[in-house]
Amino acid sequence: MSHNRFGQLFSVTTFGESHGPAIGCVIDGCPPGLEISAEEIRLELERRATGKSRHTSQRREKDDVQILSGMFEGRTTGTPIALVIENTDARSRDYENIKRQLRPGHADYTYWKKYGFRDYRGGGRSSARETTMRVAAGALARKWLKQEFGIGIQGWLAQLGPHRADRNMDWDSIDDNPFFCPDPEMVPVLEEYMDALRKSGDSTGARVNVIARNVPAGLGAPVYGKLDADLAAAMMSINAAKGVEIGAGFDSVWQMGTEHRDEMTAEGFIGNHAGGILGGISSGQDVIVSTAFKPTSSLRIPCRGLDIDGNEVEIVTKGRHDPCVGIRATPIVEAMMAIVLMDHVLRHRGQIGKIYK
């Protein structure tokens, strides 16, 4: 299986499966001298972790990260950084009944068609467990971007099922609830909705937004190195992602040109429908990305499917699953934003040199 590496100058290669002995990543291209500890990385991983509330999967992984290389006396050395996390709470027996079945809405069918073989335990390589290492790598990128350029990255849950969750933005409340919801008044509504959903055995989708502030102008390249194209690829690579918008996104379809264009004055841009990116290059405005996540496909409600021999079967998925994967996606989209921005900063610096803040 190829294509396990993301990024060019700042790159992250992940490895491991959901129910294997461990997961890990190798980070290449991180500049030397960045002070970071395993505890700082763990704090970011804790934000993504399962089992923190009744609204997510009850799998409880310790996520104790081991730094194997690329660090000396608490600082990055400029050499590849290897991180490993042991899987300590996998229950492979929960998947025995589906080892010959191909679950609808999952990667089971396509993996089987592509490779002729698959790891059925928790989805194997297609499991969202892989995103743990993206968050770990993102911890380094976020700290470097903040330290070098003052770039701040914040994600939030914008919508859960039919409920818009960000009509009233209270940035300080985002990490105070299990949904990463910025509107404290919506939290009880979301909890009631998720409790009813969980009892029904069904699942729902979500929309997660992320904003990067203080991004310098000039990141990205025309045509095949566009910043927005790489951000879209990054978000779409996350498990269950089904759509990405930059700025106004699909709302641009019904907007008039006189509304959509972001007029400029001596004091700056009047609007930001472009999401901080023009012609694939950052404008110096906030970079805004929105990602849609589909409902979880692993359900205890019976459905029609196929086995590996092509026979029609009834499929019931047991185990511990998120009724909404989007609830835990906020730290992941933040990490991918950070990884893309750091990669583009290094690429810009390598070709142009000066970065205009």
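Notes on the structure follow. Given the structure is predicted, the values throughout are model-derived calculations rather than measurements. Sequence order as written defines residue numbering, which begins from 1 separately in each chain. Per-residue local features are limited, in this predicted model, to residues with pLDDT of at least 70; the limit for side-chain atom pairs, both in listing and counting, is 80 or more; totals at the level of whole chains, interfaces and linings are taken over all residues. Each side-chain value is derived from all of the structure's non-hydrogen atoms; neither hydrogens nor water enter the calculation.

1. With respect to the overall build of the protein
Here comes step 1: By definition, any uninterrupted DSSP run of H or I lasting at least four residues is a helix, any uninterrupted run of E lasting at least two residues is a strand, and each is numbered from the N terminus. A tally of helices and strands in the protein yields 7 helices and 19 strands.
Here comes step 2: Overall size of the protein, expressed as C-alpha extent along the three principal axes, is 65 × 50 × 40 Å.
Here comes step 3: Burial here depends on accessible area, computed with a 1.4 Å probe over protein chains only, as a share of the maximum for the residue type. Under 20% is buried, over 50% is exposed, and the range in between is partly exposed. Residues counted as buried form 49% of the 357 residues belonging to the protein.
Here comes step 4: Should any heavy atoms of two residues lie within 4.5 Å, those residues are counted as being in contact. Considering only contacts in the protein between residues 6 or more positions apart, those separated by 24 or more positions represent 72%.
Here comes step 5: For the protein, the exposed area adds up to about 17000 Å²; of that, 52% sits on carbon and sulfur atoms.
Here comes step 6: Averaging the coordinates of the 44 positive side-chain charges in the protein and doing the same for the 46 negative ones gives two points 5 Å apart. Method for areas: the Shrake-Rupley scheme with a 1.4 Å probe, in which residue coverage is limited to the protein chains shown. Counted as positive: Lys and Arg. Counted as negative: Asp and Glu, with His and the chain ends omitted from the count. Note on charges: their place is set at NZ of Lys, CZ of Arg, CG of Asp or CD of Glu.

2. Considering helix 7 (residues 330-351)
Here comes step 1: Under the 1.5 Å per step criterion, the end-to-end length of helix 7 is 32 Å for 22 residues, consistent within 8% with the ideal 32 Å.
Here comes step 2: Most of helix 7 is tucked away: 19 of the 22 residues are buried.
Here comes step 3: Looking one or two places after helix 7, you find G353, whose phi comes out positive at around 95 degrees. Expected span, for any helix, means 1.5 Å times one less than how many residues it has.

3. What to know about the side chain of T14
Here comes step 1: Among the secondary structure elements, T14 is positioned in strand 2 (residues 11-16).
Here comes step 2: A polar side-chain atom of T14 sits 2.9 Å from a polar atom in the side chain of E130.
Here comes step 3: Excluding residues that lie within four positions of it along the chain, T14 makes contacts with N4, G24, C25, R125, E130 and M133. In the analysis that follows, any N or O atom pair within 3.5 Å is treated as a polar contact, provided that within protein one partner can donate a hydrogen and the other can accept it, and provided that, for residues neighboring in sequence, both atoms belong to side chains.

4. A word on the sheet that holds strand 2
Adjacent strands of a sheet pair through backbone hydrogen bonds, lying either parallel or antiparallel.
Here comes step 1: Here the rule is simple: two strands pair whenever DSSP picks up at least two bridges between them. Read across the sheet, 5 strands follow the order 1-2-3-7-4 without closing on themselves; strand pairing throughout is antiparallel. Every interior strand has two partners, whereas the edge strands, strand 1 (5-6) and strand 4 (65-67), have only one.
Here comes step 2: In this structure, strand 3 (residues 22-28) lies alongside strand 7 (residues 81-86), joined through 6 bridges in antiparallel fashion. In the sheet register, I27 faces strand 7, and the bridge partner there is I81.
Here comes step 3: Angular values range over 0 to 180 degrees, each being the angle between N-to-C directions of two axes fitted as lines to C-alpha atoms, with helices fitted over their stretch in contact. Against the sheet, helix 3 (residues 131-149) touches strand 2, strand 3 and strand 7, its axis set at about 35 degrees to strand 3.

5. Concerning the side chain of R103
Here comes step 1: Residue placement: R103 occurs in the loop between strand 8 (101-102) and helix 2 (108-115).
Here comes step 2: Judged by relative accessible area, which is 4%, R103 ranks as buried.

6. Here we look at the packing of aromatic side chains
Here comes step 1: Working definition: a ring pair exists when centres of Phe, Tyr or Trp rings (six-membered ring for Trp) sit within 6.5 Å. Plane angles under 30 degrees give stacked, over 60 give edge-to-face, the rest tilted. Within the structure shown, the criterion is met by 3 aromatic pairs.
Here comes step 2: Seen from their ring centres, Y111 and Y115 are 5.8 Å apart, and the 70 degrees between their planes marks the pair as edge-to-face. With a gap of 4 residues between them, Y111 and Y115 both fall in helix 2, about one helical turn apart.
Here comes step 3: When its relative accessible area of 37% is taken as the criterion, Y115 is described as partly exposed.
Here comes step 4: Considering the side-chain rings of W144 and F149, the 6.0 Å spacing of their centres and the 65 degrees angle between planes classify their relative orientation as edge-to-face.
Here comes step 5: Overall, the relative accessible area of 4% leaves W144 in the buried class.

7. Focus on the packing of helix 3 against helix 7
Here comes step 1: Helix 7 packs onto helix 3 with a crossing angle of 50 degrees between their chain directions and a minimal axis gap of 7 Å. In terms of orientation, helix 3 lies oblique with respect to helix 7. Judged by the twist between their axes, the crossing of helix 3 over helix 7 is left-handed. For the pair helix 3 and helix 7, the contacting residues are T131, R134, V135, A137, G138, A141, R142, W144, L145 and F149 in the first and P331, I332, E334, A335, M336, A338, I339, L341, M342, V345, L346 and R349 in the second. Reported orientations rely on four angle classes, namely roughly parallel under 35 degrees, roughly antiparallel over 145, roughly perpendicular from 65 to 115, and oblique for the rest. Left-handed describes a crossing whose near helix is turned anticlockwise from the far helix by less than a right angle; the clockwise case is right-handed.

8. Side note on unusual backbone geometry
Here comes step 1: A positive phi angle, close to 55 degrees, is found at E73, a residue other than glycine.
Here comes step 2: Structurally, E73 is set in the loop between strand 5 (71-72) and strand 6 (75-76).
Here comes step 3: With a phi angle near 65 degrees, N214 is a residue other than glycine that sits in the positive phi range.
Here comes step 4: The topology assignment puts N214 in the loop between strand 11 (206-213) and helix 5 (227-236).

The analysis is restricted to geometry; functional conclusions fall outside its scope.
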